[in-house]
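So you can see what is in the structure, the chains are spelled out below.
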Amino acid sequence: MALSDRAKSAVGTAIALCSVLLLLVVFPISVRVRIPGTDYRPLGYALEAVLVAVNAGVAFWVRPAWTKVLGSLVAATCLLVLCMTVASNAQRDSARLQRMACLHNTKDLALGLQMYLEDNGAFPLAGSWCDELLPYTIHRDWYRCPAAPALDCGYAYNPALSSATRRALSDASRSVAVFDSDRGWNAAGGLELLTKQPRHLGGDHYGFADGHVEWASRQQVLGKQSRYRWTPE
Ligand SMILES: [Zn+2]
């Protein structure tokens with residue numbers, strides 16, 4: 001049975017209004033559901049795709065001009081929200097990948113320092129730590145933080161470790177050895193060399209004098225209860 005234009009218009013308007021309701025109420029909830037271990041949110045994407053398709057179909061199907069405009073507007077809004085969601089997730093994924101790569105770099109540098117310590121009995125000199133560490137690091141790319149690719153070295157060294165022996169450190173697991181920094185090759189210093197803005201999802205990476213690595217927010221590092229030490233205790 002063919003529907004009259006009036007009935008089509010009523011159905012089209014109802015679908016458009018329901019879509020707006022779904023977009024405002026259900027979408028924010030569904031877009032939170034992720035595939036575990038990833039940042040992909042298939043329920044949110046699927047709902048958005050359905051809303052775009054249904055409203056575009058309505059705009060095509062109905063005849064009265066204002067209902068066509070309503071359907072097109074809702075479809076366009078849903079499409080815009082879908083694109084923004086995908087773009088923001090892609091950005092987050094890229095930030096996550098950079099964070100993982102930087103974590104590995106920091107780990108490799110921290111382990112390089114351990115090997116250097118084994119061979120030489122003390123940590124490298126502050127003014128030439130990158131040069132001295134080169135034989136212990138396979139790739140020069142390990143010195144580049146992926147979030148700061150223009151720097152030949154995206155990390156700084158704690159000068160308190162310069163020529164320090166293992167015995168000089170009472171708690172190597174709390175003594176920062178290398179960390180994300182903006183000063184380049186052979187940079188050495190303390191809190192003043194922290195990055196201007198945290199590079200990795202609100203935090204940076206810190207490699208310790210015992211070889212382990214942590215991600216920490218600026219608050220964790222600078223807070224009163226901070227476990228991060230630049231001066232060996
Ligand atoms: Zn980094």
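Residues numbered from 1 in each chain as written. Predicted model: local features only at pLDDT ≥ 70, side-chain atom pairs only at ≥ 80, totals over all residues.

Re the overall build of the protein chain
Then, number 1: A tally of regular secondary structure across the protein chain gives five helices and four strands.
Then, number 2: Traced from its N-terminal end to its C-terminal end, the protein chain shows the element sequence α-α-α-α-β-β-β-β-α.
Then, number 3: Relative to the globule expectation of 17 Å for 233 residues, the C-alpha radius of gyration of the protein chain, 27 Å, shows a markedly less compact shape.
Then, number 4: Each principal axis of the C-alpha atoms in the protein chain carries an extent, and together these give about 90 × 35 × 30 Å.
Then, number 5: Counting only residues that meet the buried cut, the protein chain has 30% of its 233 residues in that class. (Helix = DSSP H or I, 4+ residues; strand = E, 2+ residues; numbered from the N terminus. Rg over C-alpha atoms; globule rule 2.2 N^0.38 Å. Buried ≥ 20, exposed ≤ 12 C-beta atoms within 10 Å, placed from the backbone.)

Regarding the domain arrangement of the protein chain
Then, number 1: According to the domain assignment, the protein chain contains domain 1 (5–94) and domain 2 (98–222).
Then, number 2: In this structure, domain 1 and domain 2 have C-alpha centres spaced 47 Å apart. (Domains from an automatic or database assignment.)

Regarding the sheet that holds strand E1 (residues 155–157)
Then, number 1: Spatially, four strands are ordered E1-E2-E3-E4 in an open sheet, and the strand pairing comes out antiparallel. The outermost strands of the open sheet, each flanked by one partner alone, are E1 and strand E4 (213–217). Across the sheet, the mean angle from the axis of one strand to that of its neighbour is 30 degrees, orientation sign disregarded.
Then, number 2: Pairing of E1 with strand E2 (residues 176–180), which is carried by three bridges, proceeds in the antiparallel orientation. Opposite Tyr155, over in E2, you have Asp180 as the bridge partner.
Then, number 3: Against the sheet, helix H3 (residues 65–120) engages E1, E2, strand E3 (203–208) and E4, with an angle of about 20 degrees to E3. (Pairing = 2+ DSSP bridges. Axes fitted to C-alpha atoms, helices over the stretch in contact; angles between N-to-C directions. Contact = placed C-beta atoms within 7 Å.)

Structural notes on the packing of helix H1 (residues 5–30) against H3
Then, number 1: The N-to-C vectors of H1 and H3 enclose an angle of 25 degrees; their axes lie 9 Å apart at closest approach. It follows that H1 is roughly parallel to H3 by the angle criterion. Remark: the crossing between H1 and H3 carries left-handed chirality. Two secondary-structure elements touch here, H1 through Ser9, Gly12, Thr13, Ala16, Ser19, Val20 and Leu23 and H3 through Thr67, Leu70, Gly71, Val74, Thr77, Cys78 and Val81.
Then, number 2: Within the contact of H1 with H3, the residues separate by chemical class into seven nonpolar, seven polar and no charged. (Parallel < 35°, antiparallel > 145°, perpendicular 65-115°, else oblique. Left-handed = near helix turned anticlockwise from the far one by under 90°. Nonpolar A, V, L, I, M, F, W, Y, C, P; charged D, E, K, R; others polar.)

A look at the pairing of E4
Then, number 1: Where E3 and E4 come together, five bridges link them in antiparallel fashion. The residue of E4 that forms the bridge with Asp204 is Ala216.

Observations regarding the packing of helix H2 (residues 42–61) against H3
Between two packed helices, what matters for the description is the angle formed by their axes and the separation of those axes.
Then, number 1: At a minimum axis separation of 8 Å, H2 and H3 run at an interaxial angle of 160 degrees. As judged from the angle between their axes, H2 and H3 are roughly antiparallel. In the packing of H2 onto H3, the handedness of the crossing is left-handed. Mapping the contact onto sequence places Gly44, Tyr45, Glu48, Ala49, Leu51, Val52, Asn55, Ala56, Val58 and Ala59 in H2 and Lys68, Gly71, Ser72, Val74, Ala75, Cys78, Leu79, Val81, Leu82 and Thr85 in H3.
Then, number 2: Grouping the constituent residues of the contact of H2 with H3 by class yields 13 nonpolar, five polar and two charged.

Here's the deal with the pairing of E2
When a strand is regular, its side chains alternate between the sheet's two faces.
Then, number 1: Burial runs high along E2: five of the five residues are buried.
Then, number 2: As paired elements, E2 and E3 share three bridges and run antiparallel to each other. Opposite Phe179, over in E3, you have Tyr206 as the bridge partner.

Here we look at the environment of Leu47
Then, number 1: For Leu47, the position within the fold is in helix H2.
Then, number 2: Between the alpha carbons of Leu47 and Val26 there is a distance of 8.8 Å; along the sequence they are 21 residues apart.
Then, number 3: If we ignore the near neighbours within four places in the chain, the residues touching Leu47 are Leu22, Val26, Phe27 and Ser30.

Here's the deal with the environment of Arg34
Then, number 1: Tracing the backbone shows Arg34 in the loop between H1 and H2.
Then, number 2: Take Arg34: there are 14 C-beta atoms within 10 Å of it, and that puts it in the partly exposed class.
Then, number 3: Remark: the alpha-carbon pair of Arg34 and Gly184, spanning 150 residues in sequence, is separated by 38 Å.

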